[in-house]
Amino acid sequence: MEADSQNWILMVTARAPTNIAVIKYWGKRDEKLILPINDSISVTLDPEHLSATTTVAVSPSFTSDRMWLNGKEVSLASERYQNCLREIRSRGKDVVDEKNGNIIKKEDWQKLHLHIASHNNFPTAAGLASSAAGFACLVYGLAKLMDIEERYQGELSAIARQGSGSACRSLYGGFVKWIMGKEKDGSDSVAVQLANEKHWEELVVLVAVVSSRQKETSSTTGMRESVETSELIHHRSQEVVPKRIVKMEEAIAKHDFQSFARIACADSNQFHAVCLDTSPPIFYMNDTSHRIINSLERWNRFEGTPQVAYTFDAGPNAVMFVPNRKVAGCLLKRLLYYFPPDSSKSLSSYVIGDTSILGEIGLKSMVDIESLTAPPELQKGSSHSTYPGVIDYFICTRPGKGPILFRNEDQALLNPKTGFPLESS
Ligand code: DP6
């Protein structure tokens, strides 16, 4: 490092996706290192619709490590941030900053301070795995800044895991397994990619962001209470999940949607059963979530084979999978029939993401939604209700790719001259 010039700033910007588990992680065997009691499998979602973008910067002019999340400064004091920063710093390499001609020696990473700005392209309050994308992006971005290559497959995922367990799976695109591992130090508790996002390209994902005023129990607290008080969680982790993991891997490898759907729904329902088996019981799903499940199960039963798979994390939002765009159209029609927007909303604010499916099924405006008729699985003449206004919005998306580095400085969230957040970030 050149002692005379203190004004240089080196920074990189990266983007990392969120992921949704189809075999859930719930329960830790080590709280500090974040080691799970079972393997889990997730689908990475398209970062165009659901991702975190993070700029990490280093400069001798920075006086402490600082972070801004969605424009607001947040504390880095928590053990989770500190563990990630320590693990990454200890692996830093000599870096030549070509722009400014500086050389950062690997030992300098211990002394130099970092500025971090991160932004989610979806509302954090929507209860969509923002910490998974956030920690994955932080670790990936810092690894790029410090020129760190993995010494073993999954090394970076083992660092992201220490920020938030599910974050380890966001380091890969497509279909990802988090192997629980056996080692005490957690070095073998890593994520591996089962197949990339191109493997099952026809799959369509629909997220229903369900309105909720209730403050939910965090995953961290919820799973701790489940491990301490639920009997079912131990049966699940020891007997049920190992078999499901094998079957789910097979279903993904063979594009077997029926098995995929059956296992994903059963696993989501068992995870919520574990929550109910916890003392005091934890309720993540609400009435709207239950109504979504009812309508999807009714449709699946009517058709005789699963048309749609659903899964719910630690909140009321539904994530639904369908095998192709045609079935996605059928699903959207049903959802918009049962759960129309309240009258203040426009169709373009109610269905976001890849909205081209709407056009394919002839839905162009609110008038088209109002004229939707009851789906055939509702018996003629039987009384049923529709529920306007209980869903905030839908996101149409698909399996997506893993983290990327932005080459272009336009994407940066920190001012390259000052190292402080840009207005818009
Ligand atoms: C229900 O990864 O948020 O989404 O490791 O304590 O940070 P911590 O928990 P977190 O838990 C995610 C739980 C889940 C299921 C899953 O993603 O596998």
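Small disclaimer: the values here were computed from a predicted structure and weren't measured. (Residues numbered from 1 in each chain as written. Predicted model: local features only at pLDDT ≥ 70, side-chain atom pairs only at ≥ 80, totals over all residues. Heavy atoms only, no water.)

Asker: What is the right way to read the overall build of the protein chain from this model?
Answerer: Regarding its fold elements, the protein chain presents 11 helices and 19 strands. For a compact globule of 425 residues, the expected C-alpha radius of gyration is about 22 Å, and the protein chain comes in at 23 Å, within 12% of that figure. Seen along its three principal axes, the alpha-carbon backbone of the protein chain occupies a region of about 85 × 50 × 40 Å. Looking at the protein chain as a whole, 55% of its 425 residues are labelled buried. (Helix = DSSP H or I, 4+ residues; strand = E, 2+ residues; numbered from the N terminus. Rg over C-alpha atoms; globule rule 2.2 N^0.38 Å. Buried < 20%, exposed > 50% of the residue type's maximum accessible area, 1.4 Å probe, protein only.)

Asker: Explanation requested: the sheet that holds strand β2 (residues 19-23) in the structure shown.
Answerer: In sheet architecture, strand pairing relies on hydrogen bonds along the backbone and comes in two forms, parallel and antiparallel. Here 4 strands make up an open sheet; going across it, the order is β2-β5-β12-β13 and the pairing antiparallel. Here the strands that pair on one side only, and so sit at the sheet edges, are β2 and β13 (191-195). Between one strand axis and the next, the sheet turns by 35 degrees as a mean value, whatever way the strands run. (Pairing = 2+ DSSP bridges. Axes fitted to C-alpha atoms, helices over the stretch in contact; angles between N-to-C directions.)

Asker: Looking at this structure, how should I read the site of the ligand?
Answerer: In the vicinity of the ligand there are 17 residues, among which Y25, R80, S164, S166 and R169 approach most closely. Between an oxygen atom of the ligand and a side-chain N or O atom of R80, the distance comes to 2.7 Å. The side chain of T220 places a nitrogen or oxygen atom 2.8 Å from an oxygen atom of the ligand. For the ligand, whose accessible area on its own is 460 Å², the fraction buried by protein is 94%. Tallying contributions element by element places helix α4 (residues 219-229) first for the shell around the ligand, with 3 residues. Classifying every residue of the shell around the ligand gives 7 nonpolar, 5 polar and 5 charged. (Near = heavy atom within 4 Å. Polar contact = N/O pair within 3.5 Å; in protein donor to acceptor, adjacent residues only side chain to side chain. Areas by Shrake-Rupley, 256 points an atom, 1.4 Å probe, with all protein chains shown as cover. Nonpolar A, V, L, I, M, F, W, Y, C, P; charged D, E, K, R; others polar.)

Asker: Explanation requested: the pairing of strand β1 (residues 10-17) in the structure shown.
Answerer: Within a regular strand, the side chains alternate between the two sheet faces. The buried fraction of β1 amounts to 8 of the 8 residues, a majority that puts the element mostly inside the structure. Taking every second residue as pointing to the same face, both faces of β1 are buried, with L10, V12, A14 and A16 on one and M11, T13, R15 and P17 on the other. As paired strands, β1 and strand β6 (residues 51-59) are joined by 8 bridges and run antiparallel to one another. Residue pairing for β6: A16 is matched across the bridge by A52. Pairing of β1 with strand β19 (residues 404-406), which is carried by 3 bridges, proceeds in the antiparallel orientation. In the strand pairing of β19, T13 is matched with F406.

Asker: Help me out: how do you make sense of the nonpolar core in this one?
Answerer: Within soluble globular proteins, side chains that are nonpolar generally end up buried alongside one another. In this structure, F260, I292, M320, F321 and L336 are the most contacted members of the largest nonpolar core, which totals 70 residues. The greatest single-element share of this core, amounting to 8 residues, is contributed by helix α8 (residues 325-338). Of the domains in this structure, domain 1 (10-196) and domain 2 (204-397) are the two that each give at least three residues to this core. Sequence-distant contacts of L336, defined by excluding residues within four places in its chain, comprise Y350, V351, L358, L363, I369, L372 and F394. By size, the runner-up hydrophobic cluster in this structure holds 54 residues, among which are A16, A52, I104 and I116. (Core = buried A, V, L, I, M, F, W, Y, C linked by side-chain atoms within 4.5 Å. Domains from an automatic or database assignment. Contact = heavy atoms within 4.5 Å.)

Asker: I tried to follow α8 on my own but got confused; where do I start?
Answerer: The periodicity of an α-helix, 3.6 residues per turn, causes residues three or four places apart in sequence to face the same way. Between the first and last C-alpha of α8 there are 20 Å, a value that for 14 residues agrees with the 20 Å anticipated at 1.5 Å per step. In terms of burial, α8 is a largely internal element, 10 of the 14 residues being buried. Considered for burial, the residues of α8 that qualify are V327, A328, G329, L331, L332, R334, L335, L336, Y337 and Y338. At the N-terminal boundary of α8, the capping side chain belongs to N324, with an oxygen 3.1 Å from the backbone nitrogen of K326. (Expected span 1.5 Å × (residues − 1).)

Asker: Sorry, what's going on with the sheet that holds β6 here?
Answerer: Spatial ordering of the open sheet is given by β8-β7-β11-β6-β1-β19, a layout of 6 strands whose pairing is mixed. Here the strands that pair on one side only, and so sit at the sheet edges, are β8 (72-74) and β19. Along the sheet, successive strands turn relative to each other by an average axial angle of 25 degrees, direction set aside. For strand β7 (residues 66-69) and strand β11 (residues 113-120), the ladder comprises 4 bridges, and the chain directions are parallel. The residue bridging W68 from the neighbouring strand is A117, located in β11. Here helix α2 (residues 130-145) sits on the sheet and contacts β1, β6, β11 and β19; the angle it forms with β1, its principal contact strand, is near 145 degrees.

Asker: Would you explain the domain arrangement of the protein chain in this entry?
Answerer: Parsing the protein chain into structural domains produces domain 1 (10-196) and domain 2 (204-397). With centres defined by C-alpha atoms, the gap from domain 1 to domain 2 works out at 28 Å. Regarding the contact of domain 1 and domain 2, the summed buried area is about 2,800 Å², with carbon and sulfur atoms giving 71% of it. Sorting the residues of domain 1 by area buried against domain 2 places V22, K24 and W26 first, and these three jointly supply 29% of that buried surface. Here domain 1 and domain 2 share 3 salt bridges between them. Between K24 and D313 there is a salt bridge, with the nearest N and O atoms lying 2.7 Å from each other. Counting across the interface, domain 1 meets domain 2 through 10 residue pairs in polar contact (both at pLDDT 80 or more). Per-element tally for the side of domain 1 that touches domain 2: the top contributor is β2, with 4 residues. Each residue belonging to the side of domain 1 that touches domain 2 can be placed in one class, and the counts come to 16 nonpolar, 5 polar and 7 charged. (Buried area = accessible area lost by both parts, 1.4 Å probe. Salt bridge = Lys/Arg side-chain N within 4 Å of Asp/Glu carboxyl O.)

Asker: Help me understand the environment of D410 in this model?
Answerer: Following the sequence through the fold, D410 ends up in the segment after β19. Overall, the relative accessible area of 66% leaves D410 in the exposed class. Note: C-alpha distance between D410 and M67 (343 residues apart in sequence) is 20 Å.

Asker: Just checking my understanding: could you explain the environment of D368 for this structure?
Answerer: One can find D368 in helix α11 (residues 366-370). Separated by 42 residues in the primary sequence, D368 and K326 place their C-alpha atoms 18 Å from one another. Those residues within four positions of D368 in sequence are excluded, and the remaining contacts are G362 and L363.

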